[in-house]
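# Reading the structure
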Amino acid sequence: MRTYLGYITISLLVPVLILFIFFSHQEWSLAQSPYHVLDERIPVESIELAQNSYMKAANGKVISEISTGEKRTYLKLEDIPLFLENLFIVTEDQKFYDHAGVDLSGISRALLINSQNKTIEQGGSTITQQLARNVYLSHDRTYNRKLSELNYAYQIERKKSKPEIMELYLNAIYFSNGAYGIEAASQYYFSIPTGELTKAELAFLAAIPNNPEYYNPLKHFDPTKKRQERMLEQMVANGALEQAKYEKLIKSTIKLDLSTPVDLYPDYVTSVHQELKNLVASSEGLDKSLQSTDVAIRKNAEAELDKKVKELLNSGVTIHTALDTKLQTSSKTAVQSKIGVNDIEGALVVIQHHTHELVSLIGGKDYKINSFNRAYQSYRQPGSAIKPLLDYAPYLEETDADINQLVSGASYRSNSYCPKNHSGDSYGMVTLRTAFAQSYNTPAIRLFEKTGVETSFKYLDAFGFRKVSKKDHHTSSAIGGFEYGMSPLELTNAYTSFHDGNYQPARAITKVTDQEGKVLYKRKDRSKEIWNKRTVAKMRQLLQETTLSGTARKAYFPTDYVGGKTGTTNDVKDMWFVGLTANYTTGVLDWKGQAIQSTIHLFTFTPSIDLERYQPDCRVKKEGAAMAPS
């Protein structure tokens, strides 16, 4: 009976035991190890330190150092002198290669001193803890921060080797005056790379991170020098430096040679930053969202774009540009020397039309970084400079007319709209060649009407003028009467189509590369045909005739080819000239009607004031009344 009851009990307990094991296994499988929790809450596999990025001209010269916060140039450990590494180990963390991120003896010593003084006087931090503090935490002197620091230091030691930690540390620590990492400090204080510093100079810089404000060498040179000597003395005491070398090092003269960030050609650099945002937006598929009519979608896209651009610039990239530094300098000199004083302003754009590269851009006579850039941010009515694009080329493209074909230069009237030629004369029948070169208004309007408003604008729309809209589809646009107009960069860009009939947006950026030279971003623009070869040949003759005998004759100089077109707005408020040589397309916009003489071996431009003008209607213009541009 007892045996029978035993079997029954066992048969009942076995399922219970199986269930217990099953549920225990489930709970065990769900339980997370301390390491897993740390990995989840404190991920340190990838420690990315913000670095300077650089912008380079076509010749490879750095024209701008870019920093969005911390100024840093990252160095590999093998490029950092071993002396500096040993100096920090001796003075900051003598057990660096032995501990797992925390030095218990150092912490105990710090706790004792802090309890005696009833305040936090010492931290007892290892190099790993200091790295954690610089990368992830604040420098607040609180016990909560200290506890977090221990956790982060432990994680870093689990995930990184000692050489990796040392490399990160020497690149992360702050050296005052905006310099993070040893290379930025070396370049800032001595204007040379870390590898060229003497041991005395290395020790001097090593004195700063202990208290960057107090040991700021620009304000407290002597205390910094004294700490340098104490650190070298510690090296001697630990057998890491011979006494004779110590005495020589402390007697070495420390002479600071401060560098200033490279910040050249601000007009061009500002335009590159704007182009970079556009490049990232198009490459990352944000264009559509950025143009959304939904405010929330647009704002989210803008925030995402700003984040991506900042992350890119913090990663130490190089932005390669097409800037011709000699041409940029000559362009700036021409604008500054020829415009004059007071509130007169100007802008100049030069495009290499074979490569569609923006090689020079002047945004104002005294342009300052990130101020209003007149070359691409200012939209002005183009006057007669629009005639080649909107009147003549579309007409030639549609009709294949000869440039010696006759067109009426007589007075024109349509309802109350009565534009006049500049002289006020009626010229009768004139050739297209003469009408173009002398910039007569009434023949241009007649060609525009023969082609048709919509057909003419179909050609103009191919250039993507940002502020040209359906509101501009009217007759007065034929001679420059737009609501907003276009920027000098836009108009000059459109004229490049008269080189070979094709159009492609001119770009300043050729590519963006990472530190290994890998291409991260590159434009993928495609050229599109606007004009056929016959139209291009005729337009180039017309443009050349204008510089030989027309309104732009002072822009002529002996060369393989030079051609262009002038344009003015009423009361000579704005003056345009856009023209081509064998290699370049150049656009000049001059506010207030002051002539620009450009001596950049592209054009010599002093437009005569026998330029186009017309009355907006047939009534007599009243005193002070506005006049539309021509």
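Preceding this paragraph is the structure being described.
Description of the structure in this document. (Residues numbered from 1 in each chain as written. Predicted model: local features only at pLDDT ≥ 70, side-chain atom pairs only at ≥ 80, totals over all residues. Heavy atoms only, no water.)

Let us now look at the overall build of the protein chain. Secondary structure assignment for the protein chain yields 22 helices and 14 strands. A total of 630 residues make up the protein chain; the buried ones form 49% of that total. Contacts in the protein chain between residues at least 24 apart in sequence constitute 68% of all its contacts with a sequence separation of at least 6. Accessible surface, the protein chain as shown: approximately 30,500 Å² in total, 51% of it carbon and sulfur. (Helix = DSSP H or I, 4+ residues; strand = E, 2+ residues; numbered from the N terminus. Buried < 20%, exposed > 50% of the residue type's maximum accessible area, 1.4 Å probe, protein only. Contact = heavy atoms within 4.5 Å. Areas by Shrake-Rupley, 256 points an atom, 1.4 Å probe, with all protein chains shown as cover.)

Here we take up the pattern of salt bridges. Counting across every chain of the model gives 15 salt bridges. Between Arg72 and Glu70 there is a salt bridge, and its shortest N-O distance comes to 2.8 Å. Judged by relative accessible area, which is 1%, Arg72 ranks as buried. Among the residues examined, Glu70 registers a relative accessible area of 28% and is labelled partly exposed. Residues Arg507 and Asp525 are paired through a salt bridge, measuring 2.8 Å at the closest nitrogen-oxygen approach. Of this pair, Arg507 sits in the loop between strand E8 (502-503) and strand E9 (509-513) while Asp525 sits in the loop between strand E10 (519-521) and strand E11 (528-529), and the two are 18 residues apart along the sequence. According to the relative accessible area criterion, Arg507 is partly exposed, its value standing at 22%. Residue classification places Asp525 among the partly exposed residues on the basis of a relative accessible area of 24%. Several salt bridges share partner residues, and in doing so they unite Asp400, Arg534 and Lys538 into one network. (Salt bridge = Lys/Arg side-chain N within 4 Å of Asp/Glu carboxyl O.)

One open sheet accounts for five strands, arranged E5-E4-E14-E13-E12; its pairing is antiparallel. Sheet topology places strand E5 (357-362) and strand E12 (562-568) at the edges, where each strand pairs with a single neighbour. Averaged over all pairs of adjacent strands, the angle between strand axes in this sheet comes to 10°, irrespective of strand direction. When strand E13 (residues 574-581) meets strand E14 (residues 584-591), the two strands line up antiparallel, connected through seven bridges. In the sheet register, Val578 faces E14, and the bridge partner there is Gly587. Relative to strand E4 (residues 346-352), helix H20 (residues 488-495) is tilted by about 35°, and along the sheet it contacts E4, E5, E12, E13 and E14. Lying over the sheet, helix H22 (residues 533-549) contacts E12 and E13, oriented at roughly 70° with respect to E12. (Pairing = 2+ DSSP bridges. Axes fitted to C-alpha atoms, helices over the stretch in contact; angles between N-to-C directions.)

Once that is clear, we can look at the pairing of E14. For E14, the tally of buried residues reaches eight of eight residues, placing the bulk of the element in the interior. Burial along E14 is two-sided: the residues Tyr584, Thr586, Val588 and Asp590 and Thr585, Gly587, Leu589 and Trp591 are all buried. Direction of pairing for E4 relative to E14: antiparallel, over a ladder of seven bridges. Within the sheet, the bridge partner assigned to Ile351 lies in E14 and is Thr585. In textbook terms, the turn of a hairpin is the stretch between consecutive antiparallel strands, and for E13 and E14 this stretch comprises two residues.

Turning next to the nonpolar core. In this structure, Leu389, Leu460 and Leu491 are the most contacted members of the largest nonpolar core, which totals 93 residues. The leading source of residues in this core is helix H12 (residues 266-283), at seven residues. For Leu460, the residues in contact, after removing those within four places along its chain, are Ile386, Leu389, Leu390, Phe465, Val468 and Phe482. (Core = buried A, V, L, I, M, F, W, Y, C linked by side-chain atoms within 4.5 Å.)

Here the focus is the packing of aromatic side chains. Applying the stated criterion across every chain, the model contains 18 aromatic pairs. For the ring pair Phe204 and Phe221, a centre distance of 5.1 Å and an interplane angle of 35° mean the geometry is tilted. Of this pair, Phe204 sits in helix H9 (residues 199-206) while Phe221 sits in helix H10 (residues 221-237), and the two are 17 residues apart along the sequence. Ring plane angle 75° and centroid distance 6.4 Å describe the contact between Tyr412 and Tyr417, whose orientation is recorded as edge-to-face. We classify Tyr412 as buried; its relative accessible area is 7%. Residue Tyr417 is classed as buried on the basis of its relative accessible area, which comes to 15%. Three or more aromatic residues link up through ring pairs in this structure, and these residues are Tyr459, Phe463, Phe465, Tyr495, Phe498, Tyr503 and Trp531. Here the basic side chain of Lys467 rests over the ring of Tyr484, its NZ or CZ set 5.6 Å away from the ring centre. (Phe/Tyr/Trp six-rings, centres within 6.5 Å; stacked < 30°, edge-to-face > 60°. Lys NZ or Arg CZ within 6 Å of the ring centre and 35° of its normal.)

So, on to the packing of helix H3 (residues 82-92) against H10. The interhelical angle for the contact between H3 and H10, taken along N-to-C directions, is 90°, at an axis separation of 9 Å. On the basis of their axis angle, the class for H3 and H10 is roughly perpendicular. In this structure, H3 uses Phe83, Asn86, Leu87, Val90, Thr91 and Glu92 to contact H10, whose residues at the interface are Arg227, Met231, Leu232, Gln234 and Met235. The class makeup of the residues in the contact of H3 with H10 is six nonpolar, three polar and two charged. (Parallel < 35°, antiparallel > 145°, perpendicular 65-115°, else oblique. Nonpolar A, V, L, I, M, F, W, Y, C, P; charged D, E, K, R; others polar.)

Below, the discussion takes up the sheet that holds strand E3 (residues 318-321). Taken together, five strands build an open sheet; the order of strands is E2-E1-E3-E9-E10 and the sheet is mixed. The open sheet has two edge strands with one neighbour each: strand E2 (62-66) and E10. Each strand axis lies, on average, 25° off the axis of its neighbour in the sheet, ignoring direction. As judged from the four bridges shared by strand E1 (residues 53-56) and E2, these two strands associate in the antiparallel manner. Residue pairing for E2: Lys56 is matched across the bridge by Val62. Running over the sheet, H12 touches E1, E2, E3, E9 and E10 and is turned about 65° from E9.

Our next topic: the environment of Leu131. On the secondary structure map, Leu131 appears in helix H5 (residues 127-135). C-alpha of Leu131 to C-alpha of Asn171: the two residues are 40 residues apart in sequence and 9.5 Å apart in space. Every residue in contact with Leu131, bar those within four places of it in the chain, is listed here: Ile156, Ile165, Leu168, Tyr169 and Ala172.

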